[in-house]
Amino acid sequence: MTDTRPSPVGASAVAATQPDASAAGGRDCVLRATDLVKRYGDLVAVDGLSIEVRRGEILGFLGPNGAGKTTTLKMMSGLLAPDAGSVEIDGRPVRAGALHGSASVGVAPQEIVIWDSLTCLEQLQFAGMMYDMPAAAARERATYLLEVFGLEGKARKLGKTLSGGMQRRLNIALGLVHEPEILFLDEPQAGLDPQSRVLVREYLRSLRGRMTIVVTTHDMEEADKLSDRVCVIDHGRLLVMGTVAEVKGRLGGGELFEITVDADVTEALLPFLHRLRPTCTLSADGSTLSLASTQPAEAVAEVLREVAGRGLLLVNLRARGATLEDVFIDLTGRKLRE
Ligand SMILES: Nc1ncnc2c1ncn2[C@@H]1O[C@H](COP(=O)(O)OP(=O)(O)OP(=O)(O)O)[C@@H](O)[C@H]1O
Ligand SMILES: [Mg+2]
């Protein structure tokens, strides 16, 4: 295999007090990425991204396909050199391919990286020893992680004989084996069954405060359950960053109204609501209009007047909390990425 797991990088305490949303908000900042840029030919994959990660938090790193998440994670974890900008962990610069240091970084890459010819136990033990763990300690840790990830029955099986979801779990365990200070997980939940999702989520939650975790996922519910803070990036730029509640609160203070009528709202209603546009976020899904506004009472009344005026039948009206998916779609649009 090609080992894309990073080597340890250096450490010393540093605090951050920048006021913008990407900053650690005065909290202890373990990682600071500043003005990161990565180009592939003409394509700017990461376009001046600055992010601060708080010590001990779980940061959900969100964005559409091709937004630049994996590229950013690779630069933050020292696997890829940025074209411009810098990354510091504990105040020390991360240099791509750096070999030695005292703090450590763990990575579970999006592409599963395991050794075909080693058993599960050997993989984890070997990975621990690559990080200078004594053989016995690495074996003990390997045995523990196999149990954590429900793979104890596979200890003596070759990695390549595991199912896809089991390989994914082993891939996560490999990033954790040396108890890194910061763990980067690139879509750790991809391909996992519901039981495994819960298991992985609960284990990661149990590490909160002890380990800093930056995790990408396309599952907005998972991001909601797992993360302390989230950020959304697109086209290599930061769109929003904050606690899950803060980010949801961007849409109508966190409350949405759904108005269902007896017609397709895209044709029958939406074109006649343009005067609401400046203060409202409106979206259509079949016969349901979703509305978020800082002045919801007036906005809903206006929609209902339009419904009545156009001779439409009101089928349902309900309020619900905004979800991360609502915010994500609002920020990044409905268009598929090439
Ligand atoms: N090695 C590479 N060579 C050329 N282009 C690349 C390379 N790696 C990534 N890209 C491009 O950079 C952009 C960002 O890719 P990246 O993998 O960081 O996105 P992502 O947010 O992780 O997407 P996904 O959700 O699909 O994993 C994409 O347009 C991608 O095609
Ligand atoms: Mg990716």
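Just so it is clear, the model here is predicted, and its values are computed rather than measured.

Enquirer: Give a description of the overall build of the protein that names residues and reports values.
Expert: Summing up its helical and strand segments, the protein has ten helices and 14 strands in all. Principal axes of the C-alpha set define a box for the protein whose edges measure 75 × 45 × 40 Å. Relative to its 338 residues, the protein shows a buried fraction of 51%. Across the protein, every contact between residues at least 6 apart in sequence was considered, and the portion connecting residues at least 24 apart equals 70%. Accessible surface, the protein: about 15,500 Å² in total, of which carbon and sulfur atoms supply 50%. Across the protein, the 38 positively charged side chains and the 44 negatively charged ones have centroids separated by 2 Å.

Enquirer: Pulling in residues and values, what's your account of the domain arrangement of the protein?
Expert: Interface size is often expressed as the accessible area that is lost when the parts come together. What the domain assignment reports for the protein is domain 1 (29–248) and domain 2 (252–321). For domain 1 versus domain 2, the distance between C-alpha centres works out to 40 Å.

Enquirer: Tell me about the sheet that holds strand E6 (residues 105–108), and name the residues and values.
Expert: As summarised here, the arrangement of the six strands in space is E6-E7-E8-E3-E9-E10, forming an open sheet in which the pairing is mixed. Both outer strands of the open sheet, E6 and strand E10 (237–243), are each paired with one neighbouring strand and no more. Going across the sheet, the axis of each strand differs from the next one's by a mean of 15°, ignoring polarity. In the sheet, strand E9 (residues 229–234) pairs with E10 via six bridges, with the strands oriented antiparallel. In the strand pairing of E10, Val230 is matched with Gly242.

Enquirer: An account of the packing of helix H2 (residues 120–130) against helix H4 (residues 164–176) is requested, with residue identities and associated values reported.
Expert: Between two packed helices, both the angle of their axes relative to each other and the distance between the axes serve to describe the pair. Look at H2 against H4: their axes get within 9 Å of each other, and the N-to-C directions meet at 25°. One element, H2, and the other, H4, form an angle in the roughly parallel class. The two elements H2 and H4 meet at a crossing, and its hand is right-handed. Contacts between H2 and H4 involve Cys120, Gln123, Leu124 and Ala127 from the former and Leu170, Ala173 and Leu174 from the latter. In terms of residue class, the contact of H2 with H4 is made up of six nonpolar, one polar and no charged.

Enquirer: Can you break down helix H5 (residues 194–206) residue by residue, with the values?
Expert: Relative to the 18 Å expected for 13 residues at 1.5 Å per residue, H5 spans 18 Å between its end C-alpha atoms, a close match to the ideal helical length. Looking only at H5, the buried set comprises Ser196, Val200, Arg201, Tyr203 and Leu204. Projected down its long axis, H5 carries its buried residues within an arc of 165°, all on one side. Of the exposed residues in H5, those oriented more than 90 degrees away from the buried face are Pro194, Gln195 and Glu202. Those residues of H5 hidden inside the fold are in contact with strand E3 (58–62), helix H3 (135–148), H4, strand E7 (182–186), strand E8 (212–216) and helix H6 (220–226).

Enquirer: Can you lay out unusual backbone geometry for me, pointing to particular residues and giving the numbers?
Expert: At Asp35, a position not held by glycine, the phi torsion is positive, near 50°. Checked against the element boundaries, Asp35 lands in strand E1 (residues 29–40). Even without being a glycine, Glu179 presents a positive backbone phi close to 50°. Locating Glu179 in the fold gives a position in the loop between H4 and E7. Under the relative-accessibility criterion, Glu179 is labelled exposed at 51%.

Enquirer: How would you sum up the environment of Val261? Please name residues and give values.
Expert: Inspection of the secondary structure puts Val261 in strand E11 (residues 255–261). Put simply, Val261 and Met75 are 186 residues apart on the chain and 48 Å apart in space, counted from C-alpha to C-alpha.

Enquirer: Explain the coordination of the magnesium ion (ligand 2) to me, and be specific about the residues and the numbers.
Expert: Taken together, the protein donors to the magnesium ion (ligand 2) comprise Thr70 (OG1) and Gln110 (OE1), at separations of 2.0 to 2.1 Å. Note that Thr70 is positioned in helix H1 (residues 69–76) and Gln110 in the loop between E6 and H2, a separation of 40 residues in sequence.

Enquirer: Let's hear about the site of ligand 1: which residues, and what values?
Expert: By nearness alone, 14 residues border ligand 1, and Gly66, Lys69, Thr70, Thr71 and His218 come closest of all. In the environment of ligand 1, an oxygen atom lies 2.7 Å from a nitrogen or oxygen atom belonging to the side chain of Lys69. Expressed as a share of its isolated accessible area of 630 Å², the protein-covered part of ligand 1 is 61%. Listed by contribution, the elements that provide at least two residues to the shell around ligand 1 are strand E2 (43–54) and H1. Looking at the shell around ligand 1, the element that brings in the most residues is H1, giving three residues. Here the residues of the shell around ligand 1 sort into five nonpolar, seven polar and two charged.

Enquirer: An account of the pairing of strand E13 (residues 288–293) is needed here, citing residue identities and associated values.
Expert: Burial within E13 is extensive, with six of its six residues counted as buried. Along E13, one buried face is formed by Thr288, Ser290 and Ala292 and the opposite face, lined by Leu289, Leu291 and Ser293, is buried too. Inspection of the sheet shows E11 paired to E13 by four bridges, in the antiparallel sense. The residue of E13 that forms the bridge with Phe257 is Leu291. Examined bridge by bridge, strand E12 (residues 280–285) and E13 share six bridges and lie antiparallel to one another. Bridging from a neighbouring strand, Cys280 pairs with Ser293 of E13.

Conventions adopted
- Think of each chain on its own: its residues are numbered from 1, step by step along the sequence as written.
- Naming scheme: in the order in which they are written, chains are lettered from A and ligands are numbered from 1.
- Where local features are concerned, this predicted model is filtered to residues with pLDDT of at least 70; where side-chain atom pairs are given and counted, the filter is 80 or more; whole-chain, interface and lining totals use all residues.
- Excluded from the side-chain calculations are hydrogens and water; all other atoms, namely the structure's heavy atoms, are used.
- The secondary structure listing takes helices from DSSP runs of H or I that are at least 4 residues long and strands from runs of E that are at least 2 residues long, numbered from the N terminus.
- Burial classes follow relative accessibility: with a 1.4 Å probe on protein chains only, a residue under 20% of its type's maximum area counts as buried, one over 50% as exposed, and anything between as partly exposed.
- Contact definition: two residues touch when any of their heavy atoms are within 4.5 Å.
- We get accessible surface area from the Shrake-Rupley algorithm with a probe of 1.4 Å; when it comes to residues, only the shown protein chains can shield them.
- The charge count includes Lys and Arg as positive and Asp and Glu as negative, but it does not include His or the ends of the chains.
- Where a charge lies is defined by one atom per residue type, namely NZ (Lys), CZ (Arg), CG (Asp) and CD (Glu).
- Where each domain starts and ends comes from a domain assignment, either automatic or drawn from a database.
- In this scheme, strands are said to pair when DSSP sees at least two bridges between them.
- Here the axes come from fitting lines to C-alpha atoms, over the contacting stretch only for helices, and the angles between their N-to-C directions go from 0 to 180 degrees.
- Geometric relationships in this document are graded by angle, where less than 35 degrees denotes roughly parallel, more than 145 denotes roughly antiparallel, 65 to 115 denotes roughly perpendicular, and other angles denote oblique.
- Here is the rule for handedness: rotate from the far helix to the near one, and if that takes an anticlockwise turn smaller than a right angle the crossing is left-handed, while a clockwise turn gives right-handed.
- Under the convention adopted here, Pro, Cys and the residues Ala, Val, Leu, Ile, Met, Phe, Trp and Tyr are nonpolar, Asp, Glu, Lys and Arg are charged, and Gly plus all remaining residues are polar.
- Working rule for helices: expected span equals 1.5 Å times residues minus one.
- Note that the arc is defined by the directions from the helix axis to the C-beta atoms.
- For Na, K and Ca the donor cut-off is 3.2 Å, and for all other metals it is 2.8 Å, counting N, O and S atoms only; because water is absent from this set, sites may look incomplete.
- The cutoff for a nearby residue is simple: one of its non-hydrogen atoms must lie within 4 Å of the molecule or strand.
- Pairs of N or O atoms within 3.5 Å make up the polar contacts considered here, provided that, within protein, one atom can donate a hydrogen while the other can accept it, and that residues adjacent in sequence are counted only when both atoms are side-chain atoms.

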